[in-house]
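Analysis of the macromolecular model
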Amino acid sequence: MKKIKLDIVGLSYSQTQSGAYALVLGEVSGRRRLPIIIGSFEAQAIAIEIEKMTPSRPLTHDLFKSLGQAFNISVQEIIIYNLVDGIFYAKLVCFDGKKTVEIDARTSDAIAVSVRFDCPIYTYEFILSTAGIVIEGNDFVYLENINETAEEKSTPSTPSGSFNSLSDDELKTRLQQALSEEAYEKAAKIRDELNKRKAS
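An unreviewed UniProt entry annotates the protein as BFN domain-containing protein of Mucilaginibacter pedocola.

Structure (structure tokens):
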């Protein structure tokens, strides 16, 4: 299965889940985005390394890196390999100079490790096509290929819990607004509601 390389393109406080953060991964050679909800500890661990800050004591992911280096183990790549019921599954591909070993990990932990080992992040097409959001030109559309363009009129924001009371057209309009504001987490929730309706 062909791997698709991703980069970290955003990390922001979650607007819908208290204490959570939205990590946005972007397709390196394309315009798709993959939003993932992560905990505050993992978000802090990722942000500290990206911003090259040095904590007073090593964080768990720093300890993992030090342990790996002490025993000549490198992390060669991270693969987000599955998506089940909205949960992403990832693995670390490690190498000790003789053999390659794959280790299962939470996606947030895998990303925190990847920024420390400066190793690439990959996923597969079926994950991007299921959970990704794509930007085409200057217009934003969700990945299931909405053919109609959203209405130009602005509509008031709607709490995520009341998306099921909106029509498909209203949801598509809200989706366009969320994407234009780069509110990927909200866009993902709207996309999920639309996908649920398509499946039923």
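Turning our attention to the nonpolar core. Counting 31 residues, the largest nonpolar core has Leu 25, Leu 34, Val 75, Ile 80, Phe 88 and Leu 92 as its most contacted members. Listing elements by their share of this core, those giving two or more residues are β1 (3–13), β2 (20–27), β3 (32–39), α1 (40–50), β4 (74–84), β5 (87–95), α3 (107–117) and α4 (125–131). Those residues in contact with Leu 92, other than ones at most four positions away along the chain, are Phe 64, Val 75, Glu 77, Ile 78, Val 101, Glu 102, Ile 103, Ala 105, Ala 110 and Val 113. Leu 171, Leu 175, Ala 187 and Ile 190 belong to the second largest nonpolar core, which has nine residues in total.

Our next topic: the state of the cysteines. Counting across every chain of the model gives zero disulfides. As a non-bridged cysteine, Cys 119 has Cys 94 as the owner of its nearest cysteine sulfur, 8.6 Å distant. Residue classification places Cys 119 among the buried positions, given a relative accessible area of 10%.

Before going further, it helps to spend a moment on α1. Of the residues making up α1, those classed as buried are Glu 42, Ala 43, Ala 45, Ile 46, Ile 48 and Glu 49. Tucked inside the fold, the buried residues of α1 contact β1, β2, β3, α2 (60–70), β6 (100–106) and α3. Lys 52 sits one or two residues past α1 and shows a positive phi near 55 degrees.

Here the focus is the environment of Leu 92. The residue Leu 92 is located in strand β5 in this model. For the pair Leu 92 and Val 113, spaced 21 residues apart in sequence, the C-alpha separation works out to 8.6 Å.

The rules behind these values
Residues numbered from 1 in each chain as written. Predicted model: local features only at pLDDT ≥ 70, side-chain atom pairs only at ≥ 80, totals over all residues. Heavy atoms only, no water. Core = buried A, V, L, I, M, F, W, Y, C linked by side-chain atoms within 4.5 Å. Buried < 20%, exposed > 50% of the residue type's maximum accessible area, 1.4 Å probe, protein only. Helix = DSSP H or I, 4+ residues; strand = E, 2+ residues; numbered from the N terminus. Contact = heavy atoms within 4.5 Å. Disulfide = S-S within 2.5 Å.

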